[in-house]
Amino acid sequence: MAKKTADYEAEKQKLKEFLSGFTTQDDQGRKKFKYAEQLTAIAHREQVSITIDLDDVAEHDEELAQAIRENTRRYNALMADVIETLLPDYKERDVPARDALDVFIKHRHLMDARSQDGANPAAAQPARNTFPPELMRRYEVYFKSQTNEKVIPIREVKASSIGKLVMIKGIVTRATEVKPMMQVATYTCDQCGAETYQPIVSTSFMPQINCPGEDCRVNRSGGRLTLQSRGSKFTKFQEIKVQEHSDAVPVGHIPRSITVYARGDQTRLAAPGDHVAINGIYLPIKKEGFKAMTSGLLSETYLEAHRIAKLNKSEDDEVGEEEITQEELKQLAEQDFYNKLSSSIAPEIFGHEDVKKALLLLLVGGVDKNPAGMKIRGNINICLMGDPGVAKSQLLSYIDRLAPRSQYTTGRGSSGVGLTAAVMKDPLTGEMTLEGGALVLADQGICCIDEFDKMDEGDRTAIHEVMEQQTISIAKAGIMTSLNARVSILAAANPAYGRYNIKRSIEDNVQLPAALLSRFDLLWLMADKADRENDLRLAKHITYVHQHNINPPQQHTPMDMKLMRRYIALCQKQNPVIPAELSNFIVGSYCELRKEARLEENKYSTTFTSARTLLGILRLSTALARLRIVDQVEKEDVNEAMRLMEMSKDSLKQQQAAPNRGKKDVDVIYDLIRSIAEGSKTLKIQDIRDRATSKGFKPDQVEKCLDEYEELSVWQLNQARTKLTFIS
């Protein structure tokens, strides 16, 4: 044991040398005392925590770094002792008292000094009356693990890791409120007035009742202790539940979670829904009193957080606060960057150019407006309604990976409570708390809901309020509150009959209530039409991706996710406004849309148009202006927003066009020939035959059309029937 003590003394000396002697070089090549400067700040109460980077320790002494990693809890105490002995050397001026505890500490030092002067030097003070070091310290010591440290999966953190520094990654499922937690309890005796201190290491403690002071012990007066909360030391405390990532869970198992205790500066760093990497010491929970009896032989464990860092969704790197550089901006602002950005969304998926543009605008979002006492949302909601096998779910999962904050759920797998919020009993405090569901966790992000049509009607109504008011109102178990859910909803659904039935109206096919449909800014129908040319290109694209695991060469080289994230974050800082001269144009366009919806008796061709459609146009046009990083919406933005609106409806219209128009095949082929000509006077008959065949017409139908229109003197054919000339 004596040898061990000597060892620790030697270790303390090493730590002292490291703190006072470690230097780094700054940009000018000058030496910089990294930790000595921090010690000065702590001595002057400008800093309340010091983080020791194990990379620096390893650079100074590899063995010491290894020892700290293997026995972190002990070295934490040693480092705190060393800093305490060093602080007087770094104190350059007297610091005024900041709070009640400072005054208490000052008085205690004075009392201590007086009692030392007046008392017999040989009579040692009783152990209880010496000040515990935790009481006098006004700083925390944290360790940051080395950069090459391996991440331990949560289910692999076992007994061998107790007392060591471990690094885990996961998603925060619950974070309690920050509350004060007692570190040192101070008692005063009602008989002799002596102060007694009790350091507390676990979440519960047994208060002392009898005074252990010298006077009470000798006189046997049996003084009772009273807890003095002003003289005790409290620290901020928060309990965080971290669950392992779904891709780390073995097949057939449920995700494990670990309890993390954050104290002091480490609190309020993570919110539910964040992906985090946590450095900490793995420790058992020490229980006292009644709890120890009830738990029996079982012991619980927790992780004492030393460093909490947020992570990106898909990559394992930490969320960078760095801005996008000017060179990258120049590279982005080249010609046709709108198409370039949209084609970078899910480049492995063929086609769907306009859908990708709409998804890009969903990521950027419009501008929130808050006129007096009212809130108009800026988030864009999109519903992709389509036949099976048109890559709806793939687009959703790509957006889920690309968005910095998002949640992915499916219709059958989520209940109304799971989407909004559930009332739970907090195991630590026993009070009723709210646990946020998918929509609350995705606040200021995107919530992707797949299989939207298969959700229960009762659960689907939970989304109505979120989609327009952006809040979730709750009145359950005595909790009346309104939670923020500023979330964009991206839903994917199949039509009512599995595939789109062109003989029925849009309402019959979609079978979602109008109240819900009007809340979607865009409703896309992604139809799977048989078309020889398109099918050929699609099949080639899919086989290429299958062979090479990468998208085929395109017109634009797709940008990587990190750059897109940084660009979208930059776009979201813009707040473009709509100039007065444009408002008349938008009003006119909207009235025209309403008129069309009213005039067309044909129920097959249009969807429900309401004032929300106008707000949808405004949101899309402000999102387009944000994308160009400008402060004012231009006419092109409004035109593009209208075009996307039309295209989303157009994908519905073109389905009914063929059966409902009542045209003969001959007339349809005539329209096709006119479209091939595009203003030219002559055409090759072979081109016409090829195009008509690819559209599904038989050769004799083509011949019939050529003959009929020749008789009508629309065109004439040469003798060999190889050339067609239009008669003007």
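This structure is a prediction, so every number in the text was calculated from the model and none was measured.

> So what about the sheet that holds strand β22 (residues 682-684)? Which residues, and what values?
Pairing is antiparallel in the open sheet, where three strands are placed in the order β22-β24-β23. Because the sheet does not close on itself, it has two edges, and the strands there are β22 and β23 (715-717). The sheet shows a mean angle of 25 degrees between the axes of neighbouring strands, direction not considered. Two strands pair when backbone bridges link them, and β23 and strand β24 (residues 723-726) are joined in this way by three bridges, in the antiparallel orientation. Within β24, the residue paired with L717 across the bridge is L724.

> Describe the side chain of T259, listing the residues and the values that go with them.
Relative to the assigned elements, T259 resides in strand β10 (residues 257-263). Owing to a relative accessible area of 14%, T259 belongs among the buried residues under this scheme. Those residues in contact with T259, other than ones at most four positions away along the chain, are E239, I240, K241, T301, Y302 and L303.

> Outline the sheet that holds strand β20 (residues 488-493), listing residues and values.
Pairing is parallel across the open sheet formed by five strands, whose spatial order is β14-β17-β20-β13-β21. Lying at the two open borders of the sheet, with one neighbouring strand each, are β14 (406-410) and β21 (522-526). Strand-to-strand twist in this sheet, taken as the mean axis angle between neighbours without regard to direction, amounts to 15 degrees. Bridging between strand β17 (residues 446-450) and β20 involves four bridges; their strand directions are parallel. Bridge pairing in β20 links I449 to A491.

> An account of the pattern of salt bridges is needed here, citing residue identities and associated values.
The final tally for this structure, using the stated rule, is 28 salt bridges. Between D53 and K144 there is a salt bridge, with its nearest N and O atoms 3.6 Å apart. Taken as a pair, D53 in strand β3 (residues 49-53) and K144 in strand β4 (residues 140-144) lie far apart in primary sequence, 91 residues in all. Across the pair R155 and E244 runs a salt bridge whose closest N-O atoms are separated by 2.9 Å. With R155 in the loop between β4 and β5 (165-175) and E244 in the loop between β9 (233-243) and β10, the pair connects residues that are 89 residues apart, well separated along the chain. Taking relative accessible area as the criterion, R155 reaches 12% and is therefore assigned buried. One network of salt bridges, with partners in common, ties together R377, E468, D521, R612 and R619.

> Let's hear about the packing of aromatic side chains: which residues, and what values?
Under the counting rule described, the total for this entry stands at ten aromatic pairs. Arranged with centres 5.7 Å apart and planes meeting at 35 degrees, the rings of Y670 and W715 form a pair that is tilted. Pair noted here: Y670 is in helix α24 (residues 665-677) and W715 is in strand β23, with a separation of 45 residues, a long-range link. One exposure class covers both Y670 and W715, and it is buried. Among the aromatic residues, those joined into a cluster by ring pairs are Y670, Y709, W715 and F726. Directly above the aromatic system of F452 lies the positively charged group of R460, at a separation of 5.8 Å from the ring centroid.

Cut-offs used in this document
- Residues numbered from 1 in each chain as written.
- Predicted model: local features only at pLDDT ≥ 70, side-chain atom pairs only at ≥ 80, totals over all residues.
- Heavy atoms only, no water.
- Pairing = 2+ DSSP bridges.
- Helix = DSSP H or I, 4+ residues; strand = E, 2+ residues; numbered from the N terminus.
- Axes fitted to C-alpha atoms, helices over the stretch in contact; angles between N-to-C directions.
- Buried < 20%, exposed > 50% of the residue type's maximum accessible area, 1.4 Å probe, protein only.
- Contact = heavy atoms within 4.5 Å.
- Salt bridge = Lys/Arg side-chain N within 4 Å of Asp/Glu carboxyl O.
- Phe/Tyr/Trp six-rings, centres within 6.5 Å; stacked < 30°, edge-to-face > 60°.
- Lys NZ or Arg CZ within 6 Å of the ring centre and 35° of its normal.

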